[in-house]
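# Overview (structure and organization)
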Amino acid sequence: MRVVVQNDINRARGNRAHANPRRRAGARGALAALALAALVSGCGQSGSGATVHPAQGAQPLHAPPARALDSYATKLRAEYAARVAAAKRWGLAKVPLAAPPAPARKPEITARKGFEVDDQEELNLPPVFTTIPTRKKIVFLTIDDGENKDPAFLRMMSDLKIPYTAFLSNYLVKDDYGYFRKMQAQGHTVNNHTLTHPYLPGLSYAEQRHEICGMQDIMKKQFGKAPTVFRPPYGNYNHDTLVAAKSCGIKYAPIWDEEVFVDHWEYREDDRSLHPGDIVLTHFRGREDWKGTMVDDMRRFLGKVTAEGYAVARLEDYL
């Protein structure tokens, strides 16, 4: 086959000498087509059966290197072993489940039915909601006020890698902003819960705006930025509350679906159950208020959600 191809090439070269430019271009095209046909048809082998060797040089590796896969598996095992050790250290019956990755597309958050105020949609007011729309078995831990500042709580949640969101009232946190800056440095979010924790519907619009915007200013100064998430004290609000909150830069006003205490749970729904996407409330409290510490409170919280197959996710990843 190699001889046949060469004879055809020679004939093409001989004819090329007498051809005009247009015919020469046609000959070159025919020559290329002939060579390609020879290769495709397997004529790259001689009659003696010699094999065609692949092109020299390293060929691309499409499968991930086994060493990289082994390194990733080792990392996962180490992370799980650390969670097991932390769960044992903090007296948990089971290892808390790891939350799934944050969604690539965040869900649309709207006011819970029955929790709207007049002109809710027309004025694009911050929605009040108790649950994030999701089918994943996740819940969101939120902690209010800021009175108790237990360092063991910070260590526990850091060791266990449990995310949570704090809603702070200035009159309770101003004696130790540093405690909450440590919390923030560990990746947890601090949000607005007013200056003095009043019953907002009992105040004028101007007074409500002072409570919310005043706390925004303090949080920007103490924590680097003003939040976009606000929780009205006691979960109470009216139209003026949400109008004032929006004027202060607030976009969301989550409340809660369940509340956990050291010795019991309380539920908003009649079925008294956890649901995917529920927001859970607890408070910064200690033995002076409860029959236990913040660590005890977290044992109860994590014990229930883990036993029921729920992981704790970060609220802001879904807003």
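In this report, we go over the structure that sits alongside the text. Counting restarts for each chain, with residues numbered from 1 along the sequence as it is written. Where local features are concerned, this predicted model is filtered to residues with pLDDT of at least 70; where side-chain atom pairs are given and counted, the filter is 80 or more; whole-chain, interface and lining totals use all residues. The basis for every side-chain value is the complete set of non-hydrogen atoms in the structure, without hydrogens or water.

## Some points on the overall build of the chain
Inclusion rule: The numbering of helices and of strands both runs from the N terminus, where a helix is a DSSP run of H or I of at least 4 residues and a strand a run of E of at least 2. Type-normalised accessible area, obtained with a 1.4 Å probe on protein chains alone, sets the label of each residue: buried when under 20%, exposed when over 50%, and partly exposed for intermediate values. Any two residues whose heavy atoms approach within 4.5 Å at even a single point are treated as in contact. Note on areas: Shrake-Rupley with a 1.4 Å probe; residue coverage comes only from the protein chains shown.
Along its length, the chain carries 9 helices and 9 strands. Counting every position in the chain, which comprises 319 residues, the buried fraction comes to 42%. For the chain, the proportion of contacts with a sequence separation of at least 24, taken over those separated by at least 6, is 71%. Counting only carbon and sulfur atoms, one obtains 53% of the accessible surface of the chain, whose full area is about 17,900 Å².

## Observations concerning helix α9 (residues 294–307)
Threshold: One fewer than the residue count of a helix, multiplied by 1.5 Å, yields its expected span. Relevant arc is that of directions from the helix axis to the C-beta atoms, nothing else. Two N or O atoms count as a polar contact when they lie within 3.5 Å, although within protein this holds only if one can serve as hydrogen donor and the other as acceptor, and sequence-adjacent residues are included solely when both atoms are side-chain atoms.
In this model, α9 (14 residues) spans 20 Å end to end at C-alpha, consistent with the 20 Å of a helix rising 1.5 Å per residue. Those residues of α9 that fall on the buried side of the exposure criterion are Met 294, Val 295, Asp 297, Met 298, Phe 301, Leu 302, Val 305 and Thr 306. For α9, the angular spread of the buried residues around the axis is 150°, confining them to a single face. Elements that come into contact with the buried residues of α9 comprise β2 (138–145), α4 (151–160), β6 (258–260), β7 (265–267), β8 (279–283) and β9 (311–313). The N-cap residue of α9 is Thr 293: its side-chain oxygen and the backbone nitrogen of Val 295 are 3.3 Å apart. Downstream of α9 by one or two residues, Gly 309 has phi in the positive range, about 85°.

## Description of a negative patch on the surface
Threshold: Patches here: salt-bridge-free residues with over 30% relative accessible area, like charges joined within 9 Å, nonpolar side chains (Val, Leu, Ile, Met, Phe, Trp, Tyr) joined within 5 Å. The salt bridge definition used is simple: a Lys or Arg side-chain nitrogen within 4 Å of an Asp or Glu carboxyl oxygen. Charged-residue counts in this description rest on Lys and Arg as positive and Asp and Glu as negative, His and the chain ends being excluded. Where a charge lies is defined by one atom per residue type, namely NZ (Lys), CZ (Arg), CG (Asp) and CD (Glu).
Judged by side-chain charge, Glu 116, Asp 118, Asp 119, Glu 121 and Glu 122 come together as a negatively charged surface patch. Summarising the element assignment, Asp 118 is placed in the loop between α3 (66–89) and β1 (128–129).

## What about the pattern of salt bridges?
Taken as a whole and assessed by the stated rule, the structure comprises 11 salt bridges. A salt bridge links Arg 285 to Glu 147, with the nearest nitrogen and oxygen atoms 3.5 Å apart. Taken as a pair, Arg 285 in the loop between β8 and α9 and Glu 147 in the loop between β2 and α4 lie far apart in primary sequence, 138 residues in all. On the basis of relative accessible area, Glu 147 is assigned to the partly exposed category, the value being 35%.

## A word on α4
Within an α-helix, residues lying three or four positions from one another point in the same direction, as the helix has 3.6 residues per turn. Turning to α4, its buried residues are Ala 152, Phe 153, Leu 154, Met 156, Met 157 and Leu 160. Tucked into the core, α4 has its buried residues touching α3, β2, α6 (177–185) and α9. Two or three places before Ala 152, at the opening of α4, Asp 150 has a side-chain oxygen 2.9 Å from that residue's backbone nitrogen. Directly after α4, the chain includes Lys 161, whose backbone phi takes a positive value near 60°.

## Some words on the pairing of β2
Every other side chain in a regular strand lies on the same face of the sheet, so the side chains alternate between the two faces. Keep this limit in mind: When DSSP finds two or more bridges between two strands, those strands count as paired.
Among the 8 residues in β2, 8 count as buried, and that is most of the element. Bridge count for β2 against β8 is 5 bridges, and the pairing is parallel. Directly across from Asp 144, in β8, lies its bridge partner His 283. Judged from the 4 bridges that link them, β2 and strand β3 (residues 165–168) form a sheet pairing that is parallel. The residue bridging Asp 145 from the neighbouring strand is Leu 168, located in β3.

## What about the packing of aromatic side chains?
Heads up, the rule is: Only rings of Phe, Tyr and Trp enter the pairing, Trp through its six-membered ring, and a pair is recorded when the two centres are within 6.5 Å. The plane angle decides the type: under 30 degrees is stacked, over 60 is edge-to-face, the rest tilted.
Tallying each qualifying case throughout the model produces 10 aromatic pairs. Between Phe 140 and Tyr 318 the ring centres are 5.2 Å apart and the planes differ by 70°, which places this aromatic pair in the edge-to-face class. Placement of Phe 140 in strand β2 and of Tyr 318 in the segment after β9 is noted, with a sequence separation of 178 residues between them. The same class applies to Phe 140 as to Tyr 318, namely buried. Ring geometry for Tyr 177 against Phe 223: centres 6.2 Å apart, planes inclined by 80°, an arrangement best described as edge-to-face.

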